[in-house]
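# Topology and contacts: notes
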Amino acid sequence: NNFFFILKSQNNETDTIKQQPQTPDTAATQTKPMHVRINKIDVKNCNFTYEDHTLQNPFIYPLTQIEISSHNFDIQKETNELKLKAQTPAGGFAFIDWKGSVESLKNQSLTLILKNVRVSDFSPYSMKFFAYPFSSGNLSFTSQNIVKDFQLNGQNKIDIYNCRVGDKDKTIDPEINLPLKTGLYILKDRNDKILLDLPISGNINSPEFLYKKLILKTLGNLLLKLVASPFDAIAKSLGISGDGLDRIEIDPLQMDLSSEQYATLTRISEIAKAKEELKISFTQQFSLLEASKEMAL
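Predicted, not measured: the structure shown is a model, and the values here were computed from it. (Residues numbered from 1 in each chain as written. Predicted model: local features only at pLDDT ≥ 70, side-chain atom pairs only at ≥ 80, totals over all residues. Heavy atoms only, no water.)

### A few points about the overall build of the chain
Each helix and strand in the chain was counted, giving eight helices and eight strands. In the chain, 55% of the contacts between residues at least 6 apart in sequence involve partners at least 24 apart. (Helix = DSSP H or I, 4+ residues; strand = E, 2+ residues; numbered from the N terminus. Contact = heavy atoms within 4.5 Å.)

Okay, structure coming up:
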């Protein structure tokens, strides 16, 4: 529109565009679509900086040494393929493989791989959604997304090593309210690693669809479940059965623990050794009515 405004005649008398009569030949020429095909795309040594200033603390993320390649790129084709490589800060690496059509998002395939990415760089988002900053950690992330008839089926694998979270900023009203530090602590295995599978789905045509919020909401729901039943999650990460760890039933007339009770305590002690910061307390609970009947008998 700007170009048409600039090229517009300054003489009001000539502003009106006169329609010329069309012959069959000129009509056919005007309705024929332009066919654009690029035999080879080869871009190297580019830099790009992504900035998001909608956050309380702006997110600024530079990508360097960008390489983009594609062969026989055709706008009219249903499936084109494009590959992108880039370096992330602190020696990280990003790779994108896209297959799909330029004219429509109806059917697409997108694979994103991140390696050795510094987690603390994404603190502006963790502050917005959870009110906790990341202080350290290395991230590897693989995301495979298939879109068929606008319906997304995504599989995300997260691998984080040495993840540390700072104190919660109580001045921020987070979008997802949960104890992030506790949740991440529960997820860590013996080697200080967090391995997660986050499947997501949705209709990309929906006005409310936003991939970033969808994956963070899925992560938040997972962490809420972990905090609600931490023992089961820790036991699973250590390869220990979490069944029956929530309680130990003891008969009032027992003179000693049974083999099953000893086994339960052994599993609990293994969890306590693996998670040194974890505090375990035992609380006695009983039904006075039922206990009185048994004692009377």
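### Regarding the nonpolar core
Counting 39 residues, the largest nonpolar core has Phe130, Leu180 and Leu184 as its most contacted members. Ranked by residue count, the leading element in this core is helix α5 (residues 211–228), at five residues. Not counting residues up to four positions away in its chain, the partners in contact with Phe130 are Lys168, Pro174, Ile176, Leu178, Leu180, Leu216 and Gly220. (Core = buried A, V, L, I, M, F, W, Y, C linked by side-chain atoms within 4.5 Å. Buried < 20%, exposed > 50% of the residue type's maximum accessible area, 1.4 Å probe, protein only.)

### Things to note about the side chain of Gln108
Looking at the element boundaries, Gln108 is found in strand β5 (residues 108–118). Since its relative accessible area comes to 10%, Gln108 is described here as buried. Polar side-chain contacts of Gln108 include one of 2.7 Å to the backbone oxygen of Ser104. Apart from the residues lying within four places of it in its own chain, the contact partners of Gln108 are Trp98, Lys99, Gly100, Ser101, Asn145, Ile146 and Val147. (Polar contact = N/O pair within 3.5 Å; in protein donor to acceptor, adjacent residues only side chain to side chain.)

### What about the pairing of strand β6 (residues 134–148)?
In the sheet, β5 pairs with β6 via nine bridges, with the strands oriented antiparallel. Residue Ile113 lies in a different strand from β6, and its bridge partner there is Thr142. For β6 and strand β7 (residues 151–165), the ladder comprises 13 bridges, and the chain directions are antiparallel. Among the inter-strand pairings, Lys148 is bridged to a residue of β7, identified as Gln151. Remark: two residues form the turn of the hairpin made by β6 and β7, two consecutive strands paired antiparallel; Asp149 in that turn has positive phi of roughly 55 degrees. (Pairing = 2+ DSSP bridges.)

### Quick word on the packing of helix α4 (residues 180–187) against α5
α5 packs onto α4 with a crossing angle of 80 degrees between their chain directions and a minimal axis gap of 9 Å. Relative to α5, α4 is oriented roughly perpendicular. Contacts from Leu180, Gly183, Leu184, Ile186 and Leu187 in α4 reach Leu223, Leu226 and Val227 in α5. When the residues that make up the contact of α4 with α5 are grouped by side-chain class, the tally is seven nonpolar, one polar and no charged. (Axes fitted to C-alpha atoms, helices over the stretch in contact; angles between N-to-C directions. Parallel < 35°, antiparallel > 145°, perpendicular 65-115°, else oblique. Nonpolar A, V, L, I, M, F, W, Y, C, P; charged D, E, K, R; others polar.)

### Concerning the packing of aromatic side chains
Evaluated as defined, the whole model comprises six aromatic pairs. Centre to centre, the rings of Tyr61 and Phe122 are 5.3 Å apart; their planes meet at 40 degrees, and the pair counts as tilted. Here the residue Tyr61 occupies a position in strand β2 (residues 59–74), and Phe122 occupies one in the loop between β5 and α3 (123–130), the gap between them amounting to 61 residues. Classification of Tyr61 by relative accessible area gives buried; the value is 9%. For Phe122, a relative accessible area of 24% translates into the label partly exposed. Aromatic ring contacts, followed pair by pair, group Tyr50, Phe59, Tyr61, Phe122 and Tyr125 into a single cluster. In this structure, Lys128 packs its charged tip against the face of Phe129, placed 5.9 Å from the ring centre. (Phe/Tyr/Trp six-rings, centres within 6.5 Å; stacked < 30°, edge-to-face > 60°. Lys NZ or Arg CZ within 6 Å of the ring centre and 35° of its normal.)

### Things to note about the pattern of salt bridges
In the structure shown here, the tally under the stated rule is 11 salt bridges. Residues Lys83 and Glu81 are paired through a salt bridge, measuring 3.1 Å at the closest nitrogen-oxygen approach. By relative accessible area, Lys83 is classed as partly exposed at 30%. The partner of Lys128 in a salt bridge is Glu175, and the shortest N-O contact between them spans 3.1 Å. Of the two residues, Lys128 is situated in helix α3 and Glu175 in the loop between β7 and α4; the sequence distance between them amounts to 47 residues. The class for Glu175 is partly exposed, based on a relative accessible area of 44%. (Salt bridge = Lys/Arg side-chain N within 4 Å of Asp/Glu carboxyl O.)

### Here we look at the layout of surface pockets
A water-sized probe, rolled over the atoms, reveals where empty space remains. Put simply, the largest pocket is a space of about 1,700 Å³. Around the largest pocket, the lining is made up of 43 residues, and of these Leu112, Leu114, Phe122, Phe141 and Lys212 lie nearest the centre. Considering every element that reaches the lining of the largest pocket, the biggest residue donor is β6, with six residues. When its volume is computed, the second largest pocket comes out at roughly 1,100 Å³. As for the second largest pocket, its lining consists of 30 residues, and the residues nearest its centre are Arg247, Ile248, Glu249, Thr283 and Gln285. (1 Å grid on protein atoms, 1.4 Å probe; cavity = no way out; pocket = protein on both sides within 12 Å on 5 of 7 lines; lining within 4 Å. Points joined across faces, edges and corners; volume = space filled by probe spheres on them.)

### Some remarks on unusual backbone geometry
The phi dihedral of Gln65 is positive, around 50 degrees, even though this residue is not glycine. Mapped onto the fold, Gln65 is located in strand β2. Judged by relative accessible area, which is 44%, Gln65 ranks as partly exposed. Not every positive phi belongs to a glycine, and Asp192 is a case in point at roughly 65 degrees.

### Quick word on the pairing of strand β1 (residues 37–52)
Alignment of β1 against β2, held across 12 bridges, turns out to be antiparallel. Looking across to β2, one finds that Tyr50 is bridged to Tyr61. Where β1 hands over to β2, the hairpin turn is made up of six residues, counted between the paired strands.

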